[in-house]
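Listed here are the chains, written in short residue letters.
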Amino acid sequence: MRFHSVRRVPMPRSFLLFSLPAAVFLWPNTVELAASAMEVDSGPAGLVNTFIGTAGRDAGATFPGATLPFGMVQWSPDTSNGFTRKNVGSYQYGDDMIRDFSLTHLSGPGCPVLGDVAIQPFVGEIKTSPAINPAMYRARFSHSDEEASPGYYSVRFDDGIQIKLAATLRGGIGKFDFPPSLNSTFIFDVGRNATEVYNARVEIEAPEKVEGSVSSGAFCHSTNHYKIYFVAEFNHPFSSFGAWSGADLNQGQHTVEGAHTGGWVTFDTTRNQTVEMRIAISYVSVTNAEKNLAEEIPGWDLGAVQRDGRNRWSRELERIAVSGGDASDRRVFYSALYRSFLHPNTFNDVNGEYRGFDNRVHVAQGFTVYANYSGWDIYRTEVQLLALVQPKVAGDMVQSLVVDAAQGGALPVWPVANDEACQMVGSPACPIIADAYAFGARGFDAKAALVAMLKGATVPGVHCNRCLEWDDLDTYLKYGYLGPDTRGRRLHSGPSQTLEYTTADFSIAQLAKALGDSATYANFMHRAQFWRNTFDASTGYAGPRTKDGKFIPTPPDAHTYFVEGNAAQYSWMVPYNLHAVFDLMGGNARAIARLDGFFTELNAGEDAPYFWVGNEPVFSIPWAYDFAGAPWRTQAIVRRVETELFTAQPDGEPGNDDLGAMAAWYVFAALGIYPAIPAVGGFTINSPLFPKATIHLGKGKTIIVEGENASPSTPYIEGISVNGRPYQRTWISYDDLNGGATLKFTLGDTPNRNWGSRPEDAPPSFGEANH
């Protein structure tokens, strides 16, 4: 999901598709950020550039700060223009002012979110309430004085304050070097975050301790709620303190509570300029935040925390080892893999306690509880990646959704913390669950998951807290589609909603089949073909349809009736039955011609009838050529997107990261295999970017992808062998890889129009009669 303009990359009508990839774009007078520091560590963590995606309105809206894989805490800077409707990310690379360092962030969600427990070091007296004039406490800085790597962030303010931050799973430790001063201050601006603070509390407990809470929500203007607690400890006593409420400042006040409140503590740094802080959070209580702090940061060794964080990231990133090729491409790859491992987030405390969707405290039994799912986005790429290389984590993530449904009444659509934010359309938890199962994650109660999926899909009016899971289900079941004259979460979004529902139907069918429920399989495979009800034969595109069955004439570039897209883009969004889509378009040849025109631009936005890689509904369309018998076109398009729109620069991600969805797209594309069909274990094939990649599966097996002659300028497959045998198909199933396999690609700079072009070479399509 995103709300930005886009960087449009044209495809000349002379069909530049077969020309060599353009050179990677670098900002004038810049080099890849912190490259020299990164390359000191030759491991994959040393190749990660956490600043990728932080620049530009059409960039990833990522954050550069300190966090661990799937961590509860993301201690990261928020710049002066962050958290705005135009710049939804907390950190904008073009800014030169940092307003604070807050403890919670999401990677490119499309709307401002979180940013809780904002802390700002400051030299001087607090004379004006930060609630009235927060700008006066911002600090100017230069990007040349920043350094970031997985689990670590540092910056030097122009006024001389040096900040170093390192993260643990639920907390962090900071070292702050101030200039000599009687007024070296930490501002706890708990009454301000990315959205809206309903209530906040600060309690200055002792000469070295601050604790409190923040109650917030309002993600994308929704009605979701959550409450976060924190405890901060300093390594020596502060000399003075105070609090504010609105415009009122109160020196020496210990406790304050309210919507526009906060507190400060001041240190005398005339002799000792270094102040250290360790901090932890919990969504259960202050007591649990203290337990998290005591367990994860028992001492004051920031270096040890930093090293442990780097080691944890190295272990995660080593799950996929790429070698050879261009150093910049390796940096882009590992930075994308890094972002793929940021979310969802650990939600239970060290004692297993967590706050559930019923707002009660529960104890996790045998699994880690996760929160924050950008469902509409991640079901297309990230879930499959996690299931493939981290099946235990993916299984726990699915089990968390099952538990959410039991506590909240239904599967959530876009959960933030322990509540439903009611964002986007469809029922994305269904493909998330089926994706995870299909790609090897089995550590969850699959039967309970199917029950929860069926409840939402068959019982109209089922809510997850305040949000309908299957919005307007009764109309969908009655007519077989939703139109502009039906109510719904997104007014006038009938075609988009219908196509998302049919994907959910297909996902339910696939899980039911895997579990031996043939009746449910047949029923939902029938429903999965409701996509046909959106196809307007008079235009050849998906279009809006009223209750009387009539289509509203809609041009290809019209986005009025679509969610973040248009008719040209959504018409392909039947990834499980593309052969039938091609038939309605007039056959493979006509479909190929349409695709050729569609790829005139590579990141066109929702206002033009072309490809828009920056948003999820079109993610799999480059692989449509595989289905149509022209796989060499897939290979060229994917390579152009990889090399022209993904770079190692701050603007090097072509759309919102969407909690790892965009990043995982690149990871799969660069490996040469892509999970194009939701809920089906298997991959469509393009070409690998690297000479060798080793994918470590969760069960100790490996998939080795070798690319002979692999380079940015050799996108075309001359031939493939699988385990030493020639392979002609553009699809390979998960079962063929699950036990370990070697895929060897021979690549060149000229299309091989014979390989993978026969009808029997194409990936599968699933109509109602498939069993």
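## Things to note about the nonpolar core
Line of reasoning, step 1. Membership of the largest hydrophobic core comes to 228 residues, with the highest contact counts inside it found for Phe186, Phe188 and Phe333.
Line of reasoning, step 2. Leaving out residues up to four positions away in the same chain, Phe188 has contacts with Ala118, Ile119, Val202, Val210, Phe230, Ala232, Phe234, Trp244, Gly262, Gly263, Val265 and Met277.
Line of reasoning, step 3. One finds Ala166, Val286, Ile297 and Leu302 within the second-largest nonpolar core, a separate group that totals 12 residues.

## Re the pairing of strand S5 (residues 139-149)
Line of reasoning, step 1. Note: strand S3 (residues 97-102) against S5, two bridges, orientation antiparallel. Bridging across to S5, Ile98 finds its partner in Ala139.
Line of reasoning, step 2. By the bridge criterion, five bridges tie S5 to strand S6 (residues 152-157) in an arrangement that is antiparallel. In the sheet register, Ala148 faces S6, and the bridge partner there is Tyr153.
Line of reasoning, step 3. Between the antiparallel neighbours S5 and S6 lie two residues, among them Gly151 with a positive phi of about 90°.

## Considering the confidence of the model for the chain
Line of reasoning, step 1. Residue-level pLDDT values for the chain average 92, and 92% of them are 70 or greater.
Line of reasoning, step 2. Contacts from residues 3-8, a stretch scored under 50 in pLDDT, to residues over four places away or in other chains number 29 contacts.
Line of reasoning, step 3. Confidence over residues 11-40 falls short of pLDDT 50; this stretch has 63 contacts with residues more than four positions distant or in other chains.

## Let's talk about the pairing of strand S36 (residues 741-748)
Line of reasoning, step 1. With six bridges joining them, strand S32 (residues 702-708) and S36 adopt parallel strand pairing. Within S36, the position partnered with Val705 by the bridge is Leu743.
Line of reasoning, step 2. When strand S33 (residues 716-722) meets S36, the two strands line up antiparallel, connected through six bridges. Its bridge partner being in S36, Val722 is matched across the sheet by Leu743.

## Structural notes on the sheet that holds strand S18 (residues 320-323)
Line of reasoning, step 1. Read from one edge to the other, the open sheet built from six strands follows the order S18-S31-S32-S36-S33-S34, with strand pairing classed as mixed. In this open sheet, the two strands that pair with only one neighbour each are S18 and strand S34 (725-727). Strand-to-strand twist across the sheet, computed as the mean angle between neighbouring axes with direction ignored, equals 20°.
Line of reasoning, step 2. With three bridges joining them, S33 and S34 adopt antiparallel strand pairing. For Val722, the partnering residue across the bridge sits in S34 and is Arg725.

## Regarding the packing of helix H4 (residues 327-340) against helix H18 (residues 661-671)
Line of reasoning, step 1. Contact geometry of H4 with H18 gives a least axis separation of 8 Å together with a crossing angle of 135°. Between H4 and H18, the interaxial angle falls into the category oblique. Relative to H18, H4 is oriented so that their crossing is left-handed. Of H18, the residues touching H4 (which contributes Asp329, Val332, Phe333, Ala336, Leu337, Arg339 and Ser340) are Ala663, Ala664, Tyr666, Val667, Ala670 and Leu671.
Line of reasoning, step 2. Taken together, the residues of the contact of H4 with H18 break down into 10 nonpolar, one polar and two charged.

## Considering the state of the cysteines
Line of reasoning, step 1. For the coordinates displayed, the defined rule picks out one disulfide.
Line of reasoning, step 2. Between the sulfur of Cys111 and that of Cys220 lies a disulfide, 2.0 Å long from S to S. The sign of the 110° torsion about the S-S bond sets the Cys111-Cys220 disulfide as right-handed. One end of the pair, Cys111, is in the loop between S3 and strand S4 (118-123); the other, Cys220, is in the loop between strand S11 (209-217) and strand S12 (225-234), and 109 residues separate them in sequence.

Cut-offs and rules
Residues numbered from 1 in each chain as written. Predicted model: local features only at pLDDT ≥ 70, side-chain atom pairs only at ≥ 80, totals over all residues. Heavy atoms only, no water. Core = buried A, V, L, I, M, F, W, Y, C linked by side-chain atoms within 4.5 Å. Buried < 20%, exposed > 50% of the residue type's maximum accessible area, 1.4 Å probe, protein only. Contact = heavy atoms within 4.5 Å. Pairing = 2+ DSSP bridges. Helix = DSSP H or I, 4+ residues; strand = E, 2+ residues; numbered from the N terminus. pLDDT = per-residue confidence, 0-100. Axes fitted to C-alpha atoms, helices over the stretch in contact; angles between N-to-C directions. Parallel < 35°, antiparallel > 145°, perpendicular 65-115°, else oblique. Left-handed = near helix turned anticlockwise from the far one by under 90°. Nonpolar A, V, L, I, M, F, W, Y, C, P; charged D, E, K, R; others polar. Disulfide = S-S within 2.5 Å.

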